[in-house]
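A closer look at the structure
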Amino acid sequence: MLSYRHGFHAGNYADVLKHSILLQALSLLQKKDKPLVYIDTHAGAGGYALEDDFAQKTGEYLEGIGKLWQETSVPQAMTAYLEAVRHFNEGNEEQATDELAWYPGSPAIVDMHLREQDRMLLHELHNTDVELLQEYFEGARQVKLVHGDGLQGLLAAVPPLERRALVLVDPSYELKSDYQDVADTLIKAHRKFATGVYLLWYPVVNRAQTEAMLTKLKDSGIRRQLRIEQSIKPDSDEFGMTAAGLWVINPPWQLDTQAEELLAWLHPRLNQGGGSVTVTWEVGE
């Protein structure tokens, strides 16, 4: 369970979708001055060196952010995300200005857009990654880091004092039980805090397994559930992820239209043949 390292996958097409939508949701919520808390159940290491063996072994970032990061004519929904990636790559004297050497994880991306009145609650179970995360956020007064199980941590954290929260649930899905545990946790969290915005990232490796998890959420009685999904090739029984998406409970107003704009731009650039995009209200008001 503790063997997963996101460094292998940092900056791939699934990260592009996840982080661009995450920033759009945050931006929409921040249109109100009221404070909010960002809760991350699987925070990772904070940032990733794309020249490390992890990233070089798979080269997944080359088919994701590597194709996009220097684009200049981009839709509004991509602007903040690409600016965050560029900012994360600035300031290294040994690094060429046109070189993509680093990729920010979800906590680092959100940290760049945190307002004075906002805070972050980060959970990470992996011993090495939590040490890196502690080093990254050392002295940051708006950030609390919990070394432990993020699903249990989420249930302990809601409802937050702010009464406004953006929650990212982004497990590794190394264990088959993750699919069941994630659905159960989100349903319980919603019962405790029905107005939170919940973003569940999911992979499609085995379509039936993924759909069973999403169907459980869809049939839970929870209203306002939006699917945002990008496949880069048709579903297959072969090894590997063919699609990834975000299942959003209580999406902020206009997130669906922004996702459509985003995917219309991303799809022709990242599609590897036979893929498709979906933005669908699985459960309405």
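Along each chain, residues carry numbers from 1 onward, in the same order as the chain's sequence is written. Reporting in this predicted model follows two pLDDT cut-offs: at least 70 for local features of residues, and 80 or more for side-chain atom pairs to be given and counted; totals over whole chains, interfaces and linings ignore these cut-offs and use all residues. The side-chain values count all of the structure's non-hydrogen atoms but skip hydrogen atoms and water molecules.

A separate point is the overall build of the protein. Within the protein, the secondary structure is distributed over nine helices and ten strands. Scaling as 2.2 N^0.38, a compact globule of 285 residues should have a C-alpha radius of gyration of about 19 Å, and the protein matches this with 18 Å. Reported as C-alpha extents along the three principal axes, the dimensions of the protein are approximately 50 × 45 × 35 Å. Partly exposed describes any residue whose relative accessible area lies between the buried limit of under 20% and the exposed limit of over 50%, with all areas from a 1.4 Å probe on protein chains only and scaled to the type maximum. Taken across its 285 residues, the protein has 53% of its residues classed as buried. Pairs of residues are marked as contacts when any of their non-hydrogen atoms sit within 4.5 Å. Of all intrachain contacts in the protein linking residues separated by at least 6 positions in sequence, the fraction that spans at least 24 positions is 77%. Elements are defined by DSSP. Helices are runs of H or I of four residues or more, strands are runs of E of two residues or more, and each kind is numbered from the N terminus. Atoms counted for the radius of gyration: C-alpha only. Globule rule: 2.2 Å times the number of residues to the power 0.38.

Glancing now at the packing of aromatic side chains. The rule is short: rings of Phe, Tyr and Trp, with Trp giving its six-membered ring, pair when the centres are within 6.5 Å, and they are stacked under 30 degrees, edge-to-face over 60, tilted in between. In total, this model carries four aromatic pairs according to the counting rule given. With a centroid separation of 6.4 Å and an interplanar angle of 40 degrees, the aromatic rings of Phe88 and Tyr136 are classed as tilted. Taken together, the residues Phe88 in helix H3 (residues 76-88) and Tyr136 in helix H5 (residues 127-136) connect sequence positions 48 residues apart. Given a relative accessible area of 36%, Tyr136 falls into the partly exposed group.

Attention shifts here to the pairing of strand E6 (residues 165-169). Most of E6 is tucked away, with five of its five residues classed as buried. Every second residue of E6 is oriented toward a common face, with Ala165, Val167 and Val169 on one face and Leu166 and Leu168 on the other, all of them buried. Sheet topology note: the strand E1 (residues 37-40)/E6 ladder contains four bridges and is parallel. Residue Tyr38 lies in a different strand from E6, and its bridge partner there is Leu166. Look down the strands so they point away from you; if going from the first strand over the helix to the second traces a clockwise path, that crossover is right-handed. Once the chain exits E6 it traverses helix H7 (residues 177-192) before rejoining the sheet at strand E7 (residues 197-204), and the crossover so formed is right-handed. Between any two strands, at least two bridges found by DSSP are needed for them to pair.

Our focus in this paragraph is the pattern of salt bridges. Each salt bridge in this description consists of a side-chain nitrogen of Lys or Arg and a carboxyl oxygen of Asp or Glu lying within 4 Å of one another. Tallied over the entire structure, the rule returns 16 salt bridges. For Glu63, the salt bridge identified is with Lys67, shortest N-O distance 2.9 Å. Of the residues examined, Glu63 reaches a relative accessible area of 33% and is grouped as partly exposed. Look at the salt bridges and you will find they share partners, linking Arg207, Glu211, Lys218, Arg227, Glu229, Asp235 and Glu282 into a network.

The positions that UniProt labels "active site" (unreviewed entry) are, in the present scheme, Asp170. Counting through the fold element by element, Asp170 comes out in the loop between E6 and H7. Ignoring sequence-local partners within four residues, the contact set of Asp170 consists of Lys18, Thr41, His42 and Trp201. UniProt positions are given in the numbering used here, feature names are shortened, and annotations may be inferred rather than shown by experiment.

Before going further, it helps to examine the packing of H3 against helix H9 (residues 255-270). Each packed pair of helices is defined by two parameters, the angle between the axes and the distance between the axes. Axis angles are defined between N-to-C directions and span 0 to 180 degrees, where every axis is a line fitted to C-alpha atoms and, for a helix, only to the segment in contact. Their axes nearest at 8 Å, the elements H3 and H9 cross at an angle of 75 degrees. As far as their axial angle goes, H9 and H3 are roughly perpendicular. Each of Gln76, Ala77 and Met78 in H3 lies in contact with H9, whose residues at this interface are Gln258, Glu261, Leu262, Trp265 and Leu266. Looking at the contact of H3 with H9 residue by residue, the class counts come to five nonpolar, two polar and one charged. When an angle is under 35 degrees it counts as roughly parallel; over 145 it counts as roughly antiparallel; between 65 and 115 it counts as roughly perpendicular; any other value is oblique. Note on residue categories: nonpolar means Ala, Val, Leu, Ile, Met, Phe, Trp, Tyr, Cys or Pro, charged means Asp, Glu, Lys or Arg, and polar means any other residue, Gly included.

Residue count minus one, scaled by 1.5 Å, sets the expected span of a helix. Its twelve residues give helix H8 (residues 207-218) an end-to-end C-alpha distance of 16 Å, which sits within 8% of 16 Å, the value for a rise of 1.5 Å per residue. Considered for burial, the residues of H8 that qualify are Thr210, Met213, Leu214 and Leu217. Summarising the axial view, the buried residues of H8 lie within an arc of 90 degrees, below the 170-degree limit, and thus occupy one face. Residues of H8 that are buried make contact with H7, E7, strand E8 (225-231) and strand E9 (243-249). The opening residue of H8, the one whose side-chain oxygen lies 3.1 Å from the backbone nitrogen of Ala208, is Asn206. The directions from the helix axis to the C-beta atoms form the arc being described. Polar contacts here mean pairs of N or O atoms no more than 3.5 Å apart (in protein, one a potential hydrogen donor and the other a potential acceptor; neighbouring residues in sequence count only if both atoms are side-chain atoms).

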